[in-house]
Amino acid sequence: MGLLDRAGARLTSHPEEAEILIVNTCSFIDTAKQESIDTILEMARLKTSGSAKKLIVAGCLVERYRDEIRKSIPEVDAVVGTGELDAILEAAGLAPMAAATSPFNIISGAAADKRPGQEAQSGTHKATHEEASSRPEGDLREQQGRFRRDDWEGATHQLPTYLYDETTPRLLTTPKSSAYIKIAEGCDHPCTFCVIPNLRGKFRSRRFESVVAEARQLVAQGVEEITLIGQDTTCYGEDLGLKDGLALLLDELAVIPGLRWLRFLYAYPNRVTTKLLETIAKHDNICKYLDVPLQHAAPAVLKRMKRGGSGDIFLKTLEKVRATVPGIALRTSFIVGFPGETAEDITALEDFVKEAKFDWLGVFSYSDEEGSGAFALDTKVPKRTIEARKRRLMKLQQAISKKAKQQWVGRELVLLAEGESEETPLLWEARTQFHAPEIDGKVYINDFGDLEALEPGRFYNAVITEAHEYDVVARVVSKAL
Ligand code: SF4
């Protein structure tokens, strides 16, 4: 979006007004593919009947079905994979434009400093690429065929190597006080249910200085909450020769003046190091929040998933996490219905969930993905059984969550106000440091205290007054300093 904007395109969220339609797709499980295809078809109809002149499909679906998309949906004018972001300009029929004055909040370092006059001198702006490096594990897995796409008809064999940097123009579409920073791309893990490594390529980290520079720019432009993301943030820096790279990065980012909340998403269980936990504990502005997808707890299932570990090992990890970072909120996700999963395996998972008492839990039904290691396994679990297992696990967690949320009542917490609730204008929605953006339950504000009005993107002190299964209700006490 930053590149397009810089080249003179103006963004609209109303597709019927657009001259260029871009569908950014996801492709990691069946439901995501279906949603992507439905959206492309909807936009294709709009193109035929409306004012749009071009339809571009971008993202992971292109990595998987590049040729097929163009063949079966002739309305599509161009496809852009995850490793060829610069190609979006050519696809859109836009030449990089000099001295574009954007009405949007554009984040880019050197380029932003130059705008608008100086950029005209340099002529064009091009997205810059960081040099991709790799980890020995990634090289080994590549030799073993982990990233192969040979059976993927119509996909190119070339893996994406793209990484953005702090000078790549970027358009923020998140609420004004929050932003994501992608610190690494790709994944080297061998999880047999997952095709993400085949789609996104080998693990590669952005340069340390590039991430820090981007964070500084964001904070300078009013961002107060930064969420670091990547398929596996806990491997950050290994390809750059850093040990405990994520902890080092957090240490560096946490001291940026004005940054109120800093968090990272998606920790790999055996990479949650003592140093990482101590770093979370050390800084007040690092959210006491850890999202560590465990996928299962039965050793036999974890072994077939090629993830390793067991419920007992995970419980020890969780104990250490809670001891090092008191009060930390823990999120995890599980896959139910992995091939060969027995009733005993599910009982082991349920026992684990009862014991672990997660603050937030997501349960996903196994999706049989062509090209994944698990696709070839027989003993597939019937769909109805998978759905019944999922329902049971969610019900179990509901009771755990309800009890845990009761403990919140009476606590005074800092909230980030997000805006009026979509359900009713009588309530506002907010988050605490224990809620990641858009993932976890909500805090509803029903009482502004002495304040006339709230402002979205502002922080407030509040008291929790009621608890429900996943959500809580709060009364605002004052503005947070
Ligand atoms: S760690 Fe995550 S992204 Fe990587 S292969 Fe496993 S499930 Fe997929």
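Since we're looking at a predicted model, the values are computed, not measured.

**Some words on the sheet that holds strand E18 (residues 472-479)**
Part 1 of the reasoning: Spatial ordering of the closed barrel is given by E14-E15-E16-E18-E17, a layout of 5 strands whose pairing is mixed. Within this sheet the neighbouring strands show an average axis-to-axis angle of 55°, counted without direction.
Part 2 of the reasoning: When strand E15 (residues 428-431) meets strand E16 (residues 443-447), the two strands line up antiparallel, connected through 3 bridges. If you follow tryptophan 428 over to E16, its bridge partner there is isoleucine 445.

**A look at the pattern of salt bridges**
Part 1 of the reasoning: Applying the stated rule across the entire model yields 35 salt bridges.
Part 2 of the reasoning: Among the ionic pairs, aspartate 351 bridges to lysine 354, the shortest N-O distance being 3.7 Å. Taken together, the positions of aspartate 351 and lysine 354, both in helix H14 (residues 343-356) and 3 residues apart, correspond to about one turn of that helix.
Part 3 of the reasoning: Aspartate 351 sits in the partly exposed class, given a relative accessible area of 40%.

**Quick look at the confidence of the model for the protein chain**
Part 1 of the reasoning: With 92% of its residues at a pLDDT of 70 or more, the protein chain has an overall mean of 91.
Part 2 of the reasoning: Note that pLDDT drops below 50 for residues 109-128; the model gives that stretch 38 contacts with residues more than four away or on any other chain.

**A closer look at the packing of H14 against helix H15 (residues 383-406)**
Any two packed helices are characterised by the angle at which their axes cross and by the distance between the axes.
Part 1 of the reasoning: Interhelical geometry of H14 versus H15 gives an angle of 15° and a closest axis separation of 10 Å. By the criterion of interaxial angle, the relationship of H14 to H15 is roughly parallel. The interaxial crossing formed by H14 with H15 has right-handed handedness. Here Ala343, Ile346, Leu349, Glu350, Val353 and Lys354 of H14 come into contact with H15, specifically with Arg389, Arg392, Leu393, Leu396, Gln397 and Ile400.

**A word on the packing of aromatic side chains**
Part 1 of the reasoning: Counted by the stated rule, this structure contains 8 aromatic pairs.
Part 2 of the reasoning: The interplanar angle of 90° and the centroid separation of 5.0 Å between the aromatic rings of tryptophan 261 and phenylalanine 459 together place this pair among those described as edge-to-face. Taken together, the residues span a long stretch of sequence, with tryptophan 261 in strand E10 (residues 261-264) and phenylalanine 459 in strand E17 (residues 459-467) at a distance of 198 residues.
Part 3 of the reasoning: Judged by relative accessible area, which is 8%, tryptophan 261 ranks as buried.
Part 4 of the reasoning: Residues tryptophan 428 and phenylalanine 448 carry aromatic rings whose centres are separated by 6.2 Å and whose planes lie at 85° to one another, so their mutual orientation is edge-to-face. Separated by 20 residues along the polypeptide, tryptophan 428 in strand E15 and phenylalanine 448 in the loop between E16 and E17 bring together distant segments of the chain.
Part 5 of the reasoning: Classification of phenylalanine 448 as partly exposed rests on a relative accessible area of 22%.
Part 6 of the reasoning: Counting every residue linked through ring pairs, the aromatic cluster contains Phe314, Phe334, Phe352 and Phe358.
Part 7 of the reasoning: Positioned above the aromatic ring of phenylalanine 203, the side-chain terminus of arginine 135 is 5.9 Å from the ring centre.

What counts and what doesn't
Residues numbered from 1 in each chain as written. Predicted model: local features only at pLDDT ≥ 70, side-chain atom pairs only at ≥ 80, totals over all residues. Heavy atoms only, no water. Pairing = 2+ DSSP bridges. Helix = DSSP H or I, 4+ residues; strand = E, 2+ residues; numbered from the N terminus. Axes fitted to C-alpha atoms, helices over the stretch in contact; angles between N-to-C directions. Salt bridge = Lys/Arg side-chain N within 4 Å of Asp/Glu carboxyl O. Buried < 20%, exposed > 50% of the residue type's maximum accessible area, 1.4 Å probe, protein only. pLDDT = per-residue confidence, 0-100. Contact = heavy atoms within 4.5 Å. Parallel < 35°, antiparallel > 145°, perpendicular 65-115°, else oblique. Left-handed = near helix turned anticlockwise from the far one by under 90°. Phe/Tyr/Trp six-rings, centres within 6.5 Å; stacked < 30°, edge-to-face > 60°. Lys NZ or Arg CZ within 6 Å of the ring centre and 35° of its normal.

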